[in-house]
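Each chain, written out:
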Amino acid sequence: MTALPHSSFGPDFPFAFDDWLKHPAGLGSLPEAAHGTEVAVIGAGIAGLVTAYELMRLGLKPVVHEAGHLGGRLRSQPFEGMDGIVAELGAMRFPRSSAAFFHYVEALGLETRPFPNPLTPAAGSTVVDLEGETHYAQTLADLPPLFREVATAYDEALEEAFGFADMRRTIASRDAAAVKALWNRLVPLWDERTFYDFVTTSRAFKSLSFRHREVFGQVGFGTGGWDSDFPNSMLEILRVNALEFDTDQHFVVGGAEQVPQRLWRRVPETMVHWPAGTTLASLHGGAPRPGVAAMSRLPDGRIGLVDRWGRRSAVNAVVATCQSWLLTTSIRTDESLFSHKLWMALDRTRYMQSSKTFVAVDRPFWKDKDPATGRDTLSMTLTDRLTRGTYLFDNGLDEAGRPRPGVICLTYTWMSDALKMLPLPVDRRVDLALSALGQIYPGVDIASHIIGDPITVSWESDPNFLGAFKGALPGHYRYNHRMYGHFVQAAMPPAERGIFLAGDDVSWTPGWVEGAVQTALNAVWGVTTHFGGATHPDNPGPGDVWEELKPLDLGD
């Protein structure tokens, strides 16, 4: 069998979302009587806008409610006065295996380029600084043997435990039965084991020192350190590796927020019911509706909504794409809308903290060569210091051929490292980052190149998010199973039907945009079915093949 290019096919639910999207038959059709019917979509992140865009194309009237920023965690904040120069506060690197997401990126005509990850050509050079020792490298071969031993050990551990090379080949072949057989065998074995347990019990790492495990946690390979994920379920990490989310990553030139913003304004090439030229923006008079403050089941069976200003509406279907904790903290949600088991799953979701701090600089000065060493003045940096990860973004030349301002992500941190930043104002965050980098690059005056105001974010302090994204703990597979399968509602009691969940925290791959897009498409199928619609026989949707491909049920 000839292997296809890798894409995020499964492994829990091996359905080819990208094939479903690009099929000429479309995602389905609705009875004419349903055309123009309102469907509330809570949240205008990528999940909400993909849902709304596809429901509009099918002839429904999505009503998008947003409590904060259109785009969600695809948030590209521009530096004042600098056109196209942005700080990527949320998602910033997108693996090419995110096939459903790239379906929209390409349809919108957006340009992507390789992300400057450590030890990649896009980064140019990488500096690894641990315990006061600094190493300059362009490839892994340039680093001391210990680092190569760590990288080799992880590859060997994956192969030993999972037959990893065969796993990737099976996923690439898109043989759904083979993927299910492989993955279903692993779920009971690894659901309750942590990533750290996997590393420390693997034969490859057992033969090495604690220092090797420490280096793997501090700097990792590919995208950076792994230690903030050590408490997570190994299944979650394995999905990232198996779906190639940790390789071949790209960024969206001009900012990832262009994807949701352009979907909001895009005129679909094909659409039923609505007149030519209709967009999500035009359906809303140019702006999303205010955030939802309350949801309840009305006596007539519809779902009642109250927005933040007290305005009431009633709809037959709702797609909630907000983070699950908001359904108990920010939105007064009628308990009867979900089963008690689903409420348990939604409440047990555990969000990871994340912080970033960016500055704009006059030019990409880091490319200047040190006359004494011939090395780059500054490099993509991985360290055990407060900054942890520092990334450099070259924005090319302007129309006159002059370098445009560059952007430095001074610090990108997770969990306890992010919490250290939480109470600090932006200037203090910058000062701490510059101080740490000054220890690694003595004599390099980064501050002299900074222009404009710095930009920072701590996702856990944003009341519309309460964290960056879900990090599943051991034993959380059953909770994820309940959330992910909620879009198939035929067997549910009527009192629980009509409200659908979407977003990366509902998916099996939290923190990755592909999970948000795929669960949005699941919700589109669910809403279509709820209104009596159906998919084309030549292009069955995720719910049509659910019984055949659904994730393994571990039971209670």
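Below: a short report on this structure. (Residues numbered from 1 in each chain as written. Predicted model: local features only at pLDDT ≥ 70, side-chain atom pairs only at ≥ 80, totals over all residues. Heavy atoms only, no water.)

### A few points about the overall build of the protein
Of regular secondary structure, the protein possesses 19 helices and 23 strands. Relative to its length of 556 residues, the protein is compact, with a C-alpha radius of gyration of 24 Å against a globular reference of 24 Å. Once the C-alpha set of the protein is aligned to its principal axes, its extents read approximately 75 × 55 × 45 Å. Taken over 556 residues, the protein has a buried fraction of 58%. Taking all contacts inside the protein whose residues are at least 6 apart in sequence as the whole, residues at least 24 apart take part in 73%. In the structure as shown, the protein presents an accessible area of about 22,000 Å², 52% of it carried by carbon and sulfur atoms. Here the protein carries 50 positive and 65 negative side-chain charges, and the mean point of each set is 3 Å from the other. (Helix = DSSP H or I, 4+ residues; strand = E, 2+ residues; numbered from the N terminus. Rg over C-alpha atoms; globule rule 2.2 N^0.38 Å. Buried < 20%, exposed > 50% of the residue type's maximum accessible area, 1.4 Å probe, protein only. Contact = heavy atoms within 4.5 Å. Areas by Shrake-Rupley, 256 points an atom, 1.4 Å probe, with all protein chains shown as cover. Lys, Arg positive; Asp, Glu negative; His and termini not counted. Charge placed at Lys NZ, Arg CZ, Asp CG, Glu CD.)

### A few points about the pattern of salt bridges
According to the stated counting rule, one finds 32 salt bridges in the structure shown. With its nearest N and O atoms 3.5 Å apart, the salt bridge here joins D19 to K22. Residue D19 and its partner K22 are located together in helix α1 (residues 17-22), separated by 3 residues, close to a single helical turn. Since its relative accessible area comes to 34%, D19 is described here as partly exposed. Accessibility expressed as a relative area gives 57% for K22, which makes it exposed. We note a salt bridge from R57 to E54, for which the minimum N-O separation is 2.9 Å. In this pair, R57 and E54 are both assigned in helix α2 (residues 46-57), 3 residues apart and thus about one turn of the helix distant. Judged by its relative accessible area of 25%, R57 falls in the partly exposed class. With relative accessibility at 3%, the residue E54 sits in the buried group. (Salt bridge = Lys/Arg side-chain N within 4 Å of Asp/Glu carboxyl O.)

### Here's the deal with unusual backbone geometry
G10 connects to P11 through a cis peptide bond whose omega is 0°. Relative to the helices and strands, P11 resides in the segment before α1. A positive phi angle, near 75°, is found at H273, a position not held by glycine. Take H273: its relative accessible area is 43%, and that puts it in the partly exposed class. Non-glycine residue L466 carries a positive phi angle of around 65°.

### Observations concerning the sheet that holds strand β13 (residues 312-315)
Ordered in space as β13-β12-β11-β15, the 4 strands form an open sheet in which the pairing is mixed. The open sheet has two edge strands, β13 and β15 (332-333), and neither has a second partner. As paired elements, strand β11 (residues 292-297) and β15 share 2 bridges and run parallel to each other. Following the sheet pairing, A294 is matched in β15 by R332. (Pairing = 2+ DSSP bridges.)

### As for a negative patch on the surface
Negative charge collects at one region of the surface, where E80, D427, D431 and D453 lie side by side. Along the chain, D431 turns up in helix α16 (residues 426-440). With relative accessibility at 43%, the residue D431 sits in the partly exposed group. (Patch = residues over 30% accessible without salt bridge, like charges linked within 9 Å, V, L, I, M, F, W, Y side chains within 5 Å.)

### Quick word on the side chain of D417
By the secondary structure assignment, D417 is in helix α15 (residues 415-421). Reaching out from D417, the side chain makes a polar contact with the side chain of K420 at a distance of 2.9 Å. (Polar contact = N/O pair within 3.5 Å; in protein donor to acceptor, adjacent residues only side chain to side chain.)

### Re the environment of A433
Looking at where A433 falls in the secondary structure, it is placed in helix α16. In this structure A433 comes out as buried when scored by relative accessible area, which is 0%. For the pair A433 and C409, spaced 24 residues apart in sequence, the C-alpha separation works out to 9.9 Å. The residues contacting A433, other than those within four sequence positions of it, are T387, L410 and T411.

### Here we look at helix α5 (residues 164-173)
In terms of burial, α5 is largely enclosed, as 7 of its 10 residues are buried. Looking at α5, one finds that the buried residues are F164, M167, R168, T170, I171, A172 and S173. Buried residues in α5 make contact with α4 (145-162), α6 (176-190) and α10 (234-242).

### Some thoughts on the environment of D12
With respect to the element layout, D12 can be found in the segment before α1. Overall, D12 belongs to the buried group, its relative accessible area being 2%. Through-space distance from the C-alpha of D12 to that of L552 is 7.4 Å; in sequence the pair is 540 residues apart. Leaving out residues up to four positions away in the same chain, D12 has contacts with W183, R239, Y477, W508, L549, K550 and P551. In terms of polar contacts, D12 uses its side chain to reach the side chain of W183, at 2.8 Å. In this structure the side chain of D12 is engaged in a polar contact, spanning 2.5 Å, whose partner is the side chain of R239.

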